[in-house]
Amino acid sequence: MEALTEKVKKHYSEADVEVFTRAYHAAQKMHEGQMRLSGEPFFRHPYEVASILIDLGLDISTVIAGLFHDSVEDTEATVAQLSKEYGEDVATLVEGVTKVNRVDFLSKEDHQAENLRKMLLAMSSDIRVILVKLADRLHNMRTLKYQSKDKQLEKAKETLEIYAPLAHRLGINTMKWELEDLALKYIDPDGYYDIAGKLTQTRAERKDYIDTVINNIQEHLVKIKVKADIEGRPKHIYSIYNKINDQGRHFDEVYDLIAVRIIVKNVRDCYAVLGTVHTVWKPIPGRFKDYIAVPKQNMYQSIHTTVLGSDGRPFEVQIRTRDMHATAEYGIAAHWHYKEGILEEDSMDKKLTWLRELLEWQTDTKDSKEFMESLRIDFFSDMVFVFTPKGDVKEFVQGATPLDFAYSVHSAVGNKCVGAKVNGKIVQLTYEMVSGDIVEIITSNASNGPSRDWLKIVKTTQAKSKIRNWFRKEMKEENIVKGKDMLEREAKRKGYEFQTLFKSEWVKSVFKKFTLQSTDDMYAAVGYGGITTGQILTKLIGEYRKENKVEEAMQRTAKKPSKATVASGVIVKGYDDMLVRFAKCCNPVPGDKIVGYITRGRGVSVHRRDCSNINMDEFEEERMIDVKWAKDEVSSYNVEIQVTADDRSGLMAELTNQLYDMGYSITTVNARMGKNQIANIVIGLEIADLKQLDYIISQLEKMAGVTDVFRINK
Ligand code: MN
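The structure contained in this document is the topic of the report that follows.

Quick notes on the rules
- Residues numbered from 1 in each chain as written.
- Predicted model: local features only at pLDDT ≥ 70, side-chain atom pairs only at ≥ 80, totals over all residues.
- Heavy atoms only, no water.
- Core = buried A, V, L, I, M, F, W, Y, C linked by side-chain atoms within 4.5 Å.
- Buried < 20%, exposed > 50% of the residue type's maximum accessible area, 1.4 Å probe, protein only.
- Contact = heavy atoms within 4.5 Å.
- Helix = DSSP H or I, 4+ residues; strand = E, 2+ residues; numbered from the N terminus.
- Expected span 1.5 Å × (residues − 1).
- Pairing = 2+ DSSP bridges.
- Axes fitted to C-alpha atoms, helices over the stretch in contact; angles between N-to-C directions.
- Donors = N, O, S within 2.8 Å, 3.2 Å for Na, K, Ca; no water.
- Salt bridge = Lys/Arg side-chain N within 4 Å of Asp/Glu carboxyl O.
- Parallel < 35°, antiparallel > 145°, perpendicular 65-115°, else oblique.
- Nonpolar A, V, L, I, M, F, W, Y, C, P; charged D, E, K, R; others polar.

Side note on the nonpolar core
Within soluble globular proteins, side chains that are nonpolar generally end up buried alongside one another. Counting residues in hydrophobic clusters, the biggest one holds 56 residues, and the most contacted among them are Phe20, Ile64, Phe68, Leu134, Met175 and Leu179. Those residues in contact with Phe68, other than ones at most four positions away along the chain, are Ala23, Ala26, Ala27, Met30, Leu82, Tyr86, Val90 and Val94. With 33 residues, the next largest nonpolar core counts Ile625, Tyr637, Ala645 and Leu651 among its residues.

Considerations on helix H11 (residues 173-187)
For an α-helix, 3.6 residues make a turn, and residues three or four places apart therefore share a direction. The end-to-end C-alpha distance of H11, which contains 15 residues, comes to 21 Å, matching closely the 21 Å that a straight helix rising 1.5 Å per residue would cover. Residues of H11 that are buried: Asn173, Met175, Lys176, Leu179, Glu180, Asp181, Leu182, Ala183, Leu184 and Tyr186. Contact partners of the buried residues in H11: helix H3 (44-55), helix H9 (128-142), helix H10 (149-169), helix H12 (189-201), helix H14 (237-246) and helix H16 (322-330).

As for the sheet that holds strand S20 (residues 678-687)
Within a sheet, adjacent strands bond to each other through the backbone by hydrogen bonds, running parallel or antiparallel. Pairing in this open sheet of 4 strands is antiparallel, and the strands run S19-S20-S18-S21 from one edge to the other. Two strands lie at the open edges of the sheet, namely strand S19 (665-673) and strand S21 (706-711), each paired on one side alone. Averaged over all adjacent pairs, the angle separating strand axes in this sheet is 20°, with direction ignored. Alignment of strand S18 (residues 637-646) against S21, held across 5 bridges, turns out to be antiparallel. Each bridged residue has a counterpart across the sheet, and for Val643 the counterpart in S21 is Val709. Where helix H29 (residues 651-662) meets the sheet, it contacts S18, S19 and S20, and its direction lies at approximately 20° from that of S20. Its contacts with the sheet put helix H30 (residues 690-701) on S18, S20 and S21, and the angle it makes with S21 is roughly 170°.

Comments concerning the coordination of the manganese ion
Four donors placed tetrahedrally about a metal ideally form angles of 109.5 degrees, and six donors placed octahedrally ideally form angles of 90 or 180 degrees. For the manganese ion, the protein coordination sphere consists of His45 (NE2), His69 (NE2), Asp70 (OD) and Asp136 (OD), at 2.1 to 2.3 Å. Mapped onto the sequence, the residues coordinating the manganese ion show the spacing H-x23-H-D-x65-D. On the criterion of sequence distance, the pair formed by Asp70 in the loop between helix H4 (60-68) and helix H5 (71-74) and Asp136 in helix H9 is long-range, its members being 66 residues apart. The pair formed by Asp70 and Asp136 is uniform in burial state, with each residue classed as buried.

Side note on the environment of Val507
When you line up the elements, Val507 lands in helix H25 (residues 504-514). Looking at Val507, the relative accessible area reads 5%, which means it is buried.

Focus on the pattern of salt bridges
Per the stated rule, a full pass over the model turns up 18 salt bridges. In this structure, Lys207 engages Asp211 in a salt bridge whose closest nitrogen and oxygen atoms are separated by 3.0 Å. In this pair, Lys207 and Asp211 both sit in helix H13 (residues 203-223), 4 residues apart, roughly one turn of the helix. With its nearest N and O atoms 3.1 Å apart, the salt bridge here joins Glu231 to Arg261.

Considering the pairing of strand S6 (residues 314-321)
Burial analysis of S6 places 8 of its 8 residues in the buried class, the great majority of the element. Along S6, one buried face is formed by Pro314, Glu316, Gln318 and Arg320 and the opposite face, lined by Phe315, Val317, Ile319 and Thr321, is buried too. As defined by bridge partners, strand S2 (residues 258-264) adjoins S6 across 6 bridges and the pair is classed as parallel. The residue bridging Arg261 from the neighbouring strand is Gln318, located in S6. Bridge count between strand S5 (residues 303-308) and S6: 6 bridges; the pairing is antiparallel. Its bridge partner being in S6, Ile303 is matched across the sheet by Ile319. Taking the residues between adjacent antiparallel strands as the criterion, S5 and S6 are bridged by 5 residues, where Gly312 takes a positive phi near 80°.

Regarding the packing of H11 against H12
At a minimum axis distance of 5 Å, the contact between H11 and H12 shows a crossing angle of 125°. Here H12 runs oblique to H11, going by the angle between their axes. Between H11 and H12, the residues in contact are Asp181, Leu184, Lys185, Tyr186 and Ile187 and Pro189, Tyr192 and Tyr193, respectively. Taken together, the residues that form the contact of H11 with H12 break down as 6 nonpolar, no polar and 2 charged.

So, unusual backbone geometry
Negative phi values dominate among residues other than glycine, just as trans dominates among peptide bonds. The backbone phi angle of Lys225 is positive, close to 60°, even though this residue is not glycine. Inspection of the secondary structure assignment puts Lys225 in the loop between H13 and strand S1 (229-234). Positive phi outside glycine occurs at Asn587, with the angle close to 35°. One can find Asn587 in the loop between strand S13 (580-582) and strand S14 (594-598).

Next comes the structure, spelled out in structure tokens:
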């Protein structure tokens, strides 16, 4: 127990030591009588957690929060009391950790996502919450052997999936490695002890080798007058384990089993050392990485290279300054370092951008599965680093494209993106960026905005959610107008006023079928192509027909029966003496795409393929039969067209005269006055084929006052 106070005295101010000692005794008292599974007093746990936080160099508030981290959960202590006695900082941290403790990351996927969100939120308010939580987890992993087998596996899995990547993301590598190694010990004990055993067996030999290498480097550095601390170490077990398992290699083949770290005074020395190392040993191509020029997003900076040793054995060399080394070991924690005292708000802010971005898009992502998936991609996968034309570094997931880049600048840049240059050359938007690329986005105000395909091109969730948003928001107005217009036109083409079909309970059945919320949603869905006009109208017309059976039957009998009921000019595939008639609902003419329907007792009725009747649910698929137009038969067919025109005297006469002049015989004429002096005139005609019909329509459309001419499909 003495040891901890000694450690605090060594690193913190007198005032800090005073408050720490007070907290220490208070925490000890709170947990009095509680035992751990190891048989030790419970206080040993918060004690060790505080110790880890001191080793990370964190400020005294965080260390004290470590002492109290389980107190609110497990003792009589309250957040208010802690706030009164140790300040708001400590209280907020303990409250945050208590919240995170209630989070169960291995529950069902839905909950897992929700829980991660909660933790990210806790982090965004004060990242020290997570540092305490990581210290807590680290000590629990160190003492995991006292837990049950089930608990061991569960905790180990959670550590590997959540906490180790988190430590990595925050740049706290010392913690990441220890967490990974401890987790592996329980997840694959055989694998773990196999590697650990081999490392021990080869320890003496490896030490000799490392010493030789270190001496060799020192000699060369003396020549260039660079002072350096050099240390050698084996890689941690989990990384060797992964190399063996992922790459199917043997223990002996896993080359950078040894890494030599060279720590120098300044950046210039880093590159001087690199030059020397590459002169003494042959570098292995493709293994050189300059994280000084291009730091990782977790702030890591270092030069990495792998060279071939004198005995043909490769080893890794890491070169960095002392500051970089502190960041590499402690990551984000280095920013609360007791030696520095002051927090650099600005640089912290910049470095936590990724966290903010994560939170920004996570509020847009409603779907938990999608959230988890994107978290796995954005949070835990390998990164590429590219430059803006001004030389700023941006980090992306592997496989990201210039579009991801554009959207990372601003959604407006993404939405107006029309092309991209990489290293001065135009590339396709599907280009996968590689580290070191200089990416320039070409935008244009004339751009119509993103295309749907972009969702398949971009890799980052941020870009995806921005594109989706654009379609949802910016296009919505446009889609509503477009969709409404499309529905009205198509309804008219089928012979209905859309308003007639737009009865609220029928529309409701459409909403239900397509899971829509509102009329605007329905229009927007049609406008943007999610649902076809046919799908909606078929449903509405179906409802209409159900309700208007009687009226429609009356309308039919009132009309003159069609002359060409028995069809000629149509061949029914597979039958040559089948009774064929044209369906009255759509009156097909040659050129129309047609289909036969075997009726009960009345032969085959021929419909247009796009006839709304034939597409109704009641029509049975198995009674459909292939039919086609016989080319050489000359015959006449009945069609009906509707002419919409400004009502004026003489209009009707002009229309009929025009048709007679063109040589067509009119079978029926029905005129109806609409609102606002608009006349709707329905004309029945005999024609030979679709070409004639098109010609008639084009001629009538040219007439003065005529606003619309279309074929009716009843
Ligand atoms: Mn704990």
